[in-house]
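# Analysis of the macromolecular model
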Amino acid sequence: MSTIADNISQVSARIAAAARQAQREPSQVGLLAVSKTKPATAIREAFAAGVRDFGENYLQEALSKQEELVDLPLIWHFIGPIQSNKTRAIAEHFAWVHSVDRLKIAQRLSEQRPSTLTPLNVCIQVNVSGEASKSGCAPDDVRALATAIAALPNLHLRGLMAIPEPTDDPVAQDAAFARVRTLQHDLQLPLDTLSMGMSHDLEAAIAQGATWVRIGTALFGARDYGQHTPPADTGVAPSPFTKDPS
Ligand SMILES: *Cc1c(COP(=O)(O)O)cnc(C)c1O
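As the structure is a computational prediction, the values presented were derived from the model and not from experiment.

## Some details on the site of the ligand
Looking at the ligand, there are 14 residues lining it, with Lys 36, Asn 57, Ser 199, Thr 217 and Arg 223 nearest. With respect to the ligand, the side chain of Arg 214 contributes an N or O atom lying 2.9 Å from a nitrogen atom. Between the ligand and the protein, one listed contact pairs an oxygen atom with a side-chain N or O atom of Thr 217 at 2.5 Å. Burial of the ligand by the protein chains amounts to 97% of its free accessible area of 390 Å². Taken together, the residues of the shell around the ligand break down into six nonpolar, five polar and three charged.

And the structure:
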């Protein structure tokens, strides 16, 4: 049995090895711990082991964990699909949003970002796997969306995010992440962020320039979705037999 602290060391070692392999500094790759479906106690353990950034997909679940953890200086990232009636709470309670895929959502986040807070860091989620995924802006629409978002006063457009179709084929992983890198580069905007790579493909993402890897399972164990419908496009099949091993 492994503890969260052990898992963090192992994932950090994978990140460092992948960065060195790509001639990059390990410090250029941030570890975003994806804590969806996991209790606040798991987040406390990860915090004690040095993690500061946490990603959540479900707003209500995230808000209640934030309340339980107000005593910790955590940085919260929203990474799930966004409905327009959720934008106000997201604008008020998160430092980053990785999953902006349409202008209406971006406009609402900008309007609803409290003036007492710094601009909300956002990434545009781009769909590089075509019909396999419903979320994300089409690659052809990224330029127009990025230009419009860059003009919104209370958002800070940082870069692109992607969840490629899950595959164990390293060549296909590489091609999908290279596509995201090229899309970002071609925008010719001052962007510094590529949010890509999960537990099973972080090495390929880092080789292609990832600056955030979003890691859930490899840190916290398999998820038990319970009441939640798992996101269709994260490659995480819910199973009644899958239980958190920790
Ligand atoms: C759940 C999720 C992750 C983490 O995936 P793992 O395979 O458990 O590492 C990363 N990004 C997003 C957007 C997710 O929804």
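Now that the structure has been shown, we can carry on.
## A short note on the pattern of salt bridges
Where charged atoms of side chains with opposite charge meet at close range, the side chains can pair. One pass over the structure, following the stated rule, counts six salt bridges. Across the pair Arg 14 and Glu 203 runs a salt bridge, and its minimum N-O distance is 2.8 Å. Here Arg 14, found in helix 1 (residues 4–21), pairs with Glu 203, found in helix 8 (residues 202–207); they are 189 residues apart in sequence, far enough to count as distant. Overall, Glu 203 belongs to the partly exposed group, its relative accessible area being 33%. A salt bridge links Asp 192 to Arg 158; the nearest nitrogen and oxygen atoms lie 2.9 Å apart. Within this pair, whereas Asp 192 is found in the loop between helix 7 (170–187) and strand 7 (193–195), its partner Arg 158 is found in strand 6 (residues 155–161), the two being separated by 34 residues in sequence. Since its relative accessible area comes to 17%, Arg 158 is described here as buried. Look at the salt bridges and you will find they share partners, linking Glu 56, Glu 61 and Lys 65 into a network.

Conventions we followed
- Residues numbered from 1 in each chain as written.
- Predicted model: local features only at pLDDT ≥ 70, side-chain atom pairs only at ≥ 80, totals over all residues.
- Heavy atoms only, no water.
- Near = heavy atom within 4 Å.
- Polar contact = N/O pair within 3.5 Å; in protein donor to acceptor, adjacent residues only side chain to side chain.
- Areas by Shrake-Rupley, 256 points an atom, 1.4 Å probe, with all protein chains shown as cover.
- Nonpolar A, V, L, I, M, F, W, Y, C, P; charged D, E, K, R; others polar.
- Salt bridge = Lys/Arg side-chain N within 4 Å of Asp/Glu carboxyl O.
- Helix = DSSP H or I, 4+ residues; strand = E, 2+ residues; numbered from the N terminus.
- Buried < 20%, exposed > 50% of the residue type's maximum accessible area, 1.4 Å probe, protein only.

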